[in-house]
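Each chain, written out:
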Amino acid sequence: MRRIQVETLPGKPVGDQQVEMVERKGVGHPDSICDAIMDRVSVELSKEYLSQFGRVLHHNIDKAFLVAGDAEVRFGGGVIREPMKLVFGDRATYGIDGREVPIREIAIKTAKNWLRENLRFVDPGGPDTMDGPHVTYQVEIKPGSAELVDIFNRSTIGANDTSAAVGYWPMTETERLVWETEQFINSRTGKEEFPEAGEDVKVMGVRLGRELKLTAAVAFVDRFIDSEDKYFRRKQALYEAVMTFLARRTTMEKISFDINTLDEPGRGIGGIYLSVLGTSAESGDSGQIGRGNKVNGVIAVNRPMGTEAAAGKNPVSHVGKIYTFFTHQVAQKVYEEVEGIREVYIWMVSQIGNPIDEPVTAARIILAKGVRRGPVERRVREVVDRELAGIDLFCRNLAEGRYSVC
């Protein structure tokens, strides 16, 4: 019997509370770069393990550091004086039975491919070179511990850590608008209209009652900006486009939007936010795995959050990754299938070595007015139990990269 505790909470859902704070880091933010690349490395490693050995072997590529480079921005286009450095860590299985896995080559190739696909102006290097003009690579992935590796040789793969995670549903309007604002600026159509808007976009939303204030940092690419006057004209055009977009997407009584609030006219290069490559990692800010968005795409300060860095962990036994994704999916299923619920939170905690489908699980729900608690709690327990029974399929989808880590 699975241990599933269902509890009804008093109080208001987050969207009805008076104060709410939500952040999102875009694809070009240094922390997002680390998360996305390391999770892609895990996916590619999983494919290689499946191809060679028929199963995913032990790996945790969940330690990474993007060391900022050095750049000189100029009107009309600056230069990179020192490339960024991407440091890969932690552990992986390098081979069994005399068959080796090219961990280093997979890691670097994967990183180059991701950078080429997602950051328009970053040259990560070609297939025949180790380092690129804008990024160098340092692989510090070591073999795993004997006991954790042995988990994968047992008849039933158990959890490789004692970890807890929490997920929730539904997202509030504030969470949705913060996510959508960054997505709009970084969309294909957004880049066609505003090619000068770099991929390093961060949006912070603060809601007070029914008033929402959004603040965005957008790294403008200097090759498109030939003067201070043009910068402020293009910044105003982007502001107007975002406000038009938001007006169609919100029920808020009042919404405001600010871009690059450190700017100060009349100070030239020193008074505006320019970049050479569209990411602050080129010069101003380093990145680290686990400091970016949660797996539902936002950093919601009002919500309970786990401490695991899900990106890069193996999708078969590392419950720190599995439950971090899975709790959000289960919460969504409960909300969509059980009538009378306004908000649901799902907690799961493992014990190392135990089957991954047998966590201690807590579902905490806020009911709509007038709804009877007993029947809803029984139905919630049924949905959670059913989802746990299908966790193996979820893990296979996770291994194939079907869920975005940021």
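Above this note sits the structure.
Residues numbered from 1 in each chain as written. Predicted model: local features only at pLDDT ≥ 70, side-chain atom pairs only at ≥ 80, totals over all residues. Heavy atoms only, no water.

Asks: Whenever I open this one, the overall build of the protein chain confuses me. Can you help?
Replies: On a plain count of helices and strands, the protein chain comes out with 9 helices and 18 strands. Its C-alpha atoms give the protein chain a radius of gyration of 23 Å, within 12% of the compact-globule value 22 Å for 406 residues. Burial status across the protein chain gives 51% buried among its 406 residues. A separation threshold of at least 6 residues defines the contact pool for the protein chain, and within that pool the share at least 24 residues apart is 76%. (Helix = DSSP H or I, 4+ residues; strand = E, 2+ residues; numbered from the N terminus. Rg over C-alpha atoms; globule rule 2.2 N^0.38 Å. Buried < 20%, exposed > 50% of the residue type's maximum accessible area, 1.4 Å probe, protein only. Contact = heavy atoms within 4.5 Å.)

Asks: Would you mind going over a nonpolar patch on the surface with me for this structure?
Replies: On the surface, V19, M21, L208 and V301 cluster together to form a nonpolar patch covering roughly 350 Å² of accessible area. Counting through the fold element by element, M21 comes out in strand 2 (residues 19-25). Judged by its relative accessible area of 38%, M21 falls in the partly exposed class. (Patch = residues over 30% accessible without salt bridge, like charges linked within 9 Å, V, L, I, M, F, W, Y side chains within 5 Å. Areas by Shrake-Rupley, 256 points an atom, 1.4 Å probe, with all protein chains shown as cover. Salt bridge = Lys/Arg side-chain N within 4 Å of Asp/Glu carboxyl O.)

Asks: Which parts of the structure should I look at to understand the packing of helix 4 (residues 173-185) against helix 6 (residues 228-247)?
Replies: Between two packed helices, the angle of one axis relative to the other and the distance separating the axes together describe the packing. Between helix 4 and helix 6, the shortest axis-to-axis distance is 11 Å and the interhelical angle comes to 135 degrees. By the angle between their directions, the pair helix 4 and helix 6 is classed as oblique. Our pair here, helix 4 against helix 6, has a crossing hand that is right-handed. In this structure, helix 4 uses L177, E180, T181, F184 and I185 to contact helix 6, whose residues at the interface are L238, A241, V242, F245 and L246. (Axes fitted to C-alpha atoms, helices over the stretch in contact; angles between N-to-C directions. Parallel < 35°, antiparallel > 145°, perpendicular 65-115°, else oblique. Left-handed = near helix turned anticlockwise from the far one by under 90°.)

Asks: Sorry if this is basic, but what is going on with helix 6 here?
Replies: Since the α-helix advances by 3.6 residues per turn, residues separated by three or four positions end up pointing in the same direction. In a regular helix each residue adds 1.5 Å, so 20 residues correspond to 28 Å; helix 6 covers 29 Å between its end C-alpha atoms and thus fits that length. Along helix 6, the residues classified as buried are Y231, K235, L238, A241, V242, F245 and L246. One face of helix 6 carries all of its buried residues, which in axial projection span an arc of 135 degrees. Lining the buried residues of helix 6 we find helix 4, strand 12 (211-221), strand 13 (254-259) and strand 14 (274-275). (Expected span 1.5 Å × (residues − 1). Arc of directions from axis to C-beta.)

Asks: Honestly, the packing of helix 7 (residues 319-337) against helix 8 (residues 373-389) in this entry has me stumped. Any pointers?
Replies: Where helix 7 meets helix 8, the axes come as close as 10 Å, and the angle between the chain directions of the two elements is 140 degrees. Taken together, helix 7 and helix 8 sit at an angle that is classed as oblique. For the pair helix 7 and helix 8, the crossing hand works out as right-handed. Where helix 7 approaches helix 8, its residues F326, Q329, V330, K333, V334 and E337 are matched on the opposing element by R379, V380, V383, V384, R386, E387 and L388. The residue inventory of the contact of helix 7 with helix 8, partitioned by class, reads 7 nonpolar, 1 polar and 5 charged. (Nonpolar A, V, L, I, M, F, W, Y, C, P; charged D, E, K, R; others polar.)

Asks: Explanation requested: helix 9 (residues 391-399) in the structure shown.
Replies: Of the positions making up helix 9, those classed as buried are I391, F394, C395, N397, L398 and A399. For helix 9, the secondary structure elements touched by its buried residues are helix 1 (30-53), helix 7 and helix 8. Within two residues after helix 9, G401 carries a phi angle of roughly 75 degrees, on the positive side.

Asks: Please clarify how the sheet that holds strand 9 (residues 135-142) should be interpreted in this entry.
Replies: Spatially, 9-6-3-15 is the arrangement adopted by the 4 strands of the open sheet, whose pairing is mixed. The two strands at the open ends of the sheet, each matched to only one other strand, are strand 9 and strand 15 (287-288). Sheet topology note: the strand 3 (residues 59-67)/strand 6 (residues 84-92) ladder contains 7 bridges and is antiparallel. Bridge assignment links N60 to a residue of strand 6, and that residue is R91. Packed on one face of the sheet, helix 1 meets strand 3, strand 6 and strand 15 and runs near 150 degrees to strand 3. (Pairing = 2+ DSSP bridges.)

Asks: What should I look at first to understand the environment of N160 in this one?
Replies: Position of N160 relative to the elements: it lies in the loop between helix 3 (146-150) and strand 10 (164-169). Residue classification places N160 among the buried residues on the basis of a relative accessible area of 5%. In the structure, N160 is positioned 192 residues away from I352 in sequence and 5.2 Å away in space, judged by C-alpha atoms.

Asks: Would you explain the pairing of strand 18 (residues 360-367) in this entry?
Replies: Remember that side chains alternate between the two faces of the sheet whenever the strand is regular. In this sheet, strand 18 lies alongside strand 1 (residues 4-8) in parallel orientation, the contact comprising 5 bridges. Residue pairing across strands places Q5 opposite A362, the latter belonging to strand 18. As judged from the 8 bridges shared by strand 17 (residues 341-349) and strand 18, these two strands associate in the antiparallel manner. Pairing of I346 across the sheet is with A363, part of strand 18.

Spatial relationships are all this shows, so hold off on functional conclusions.
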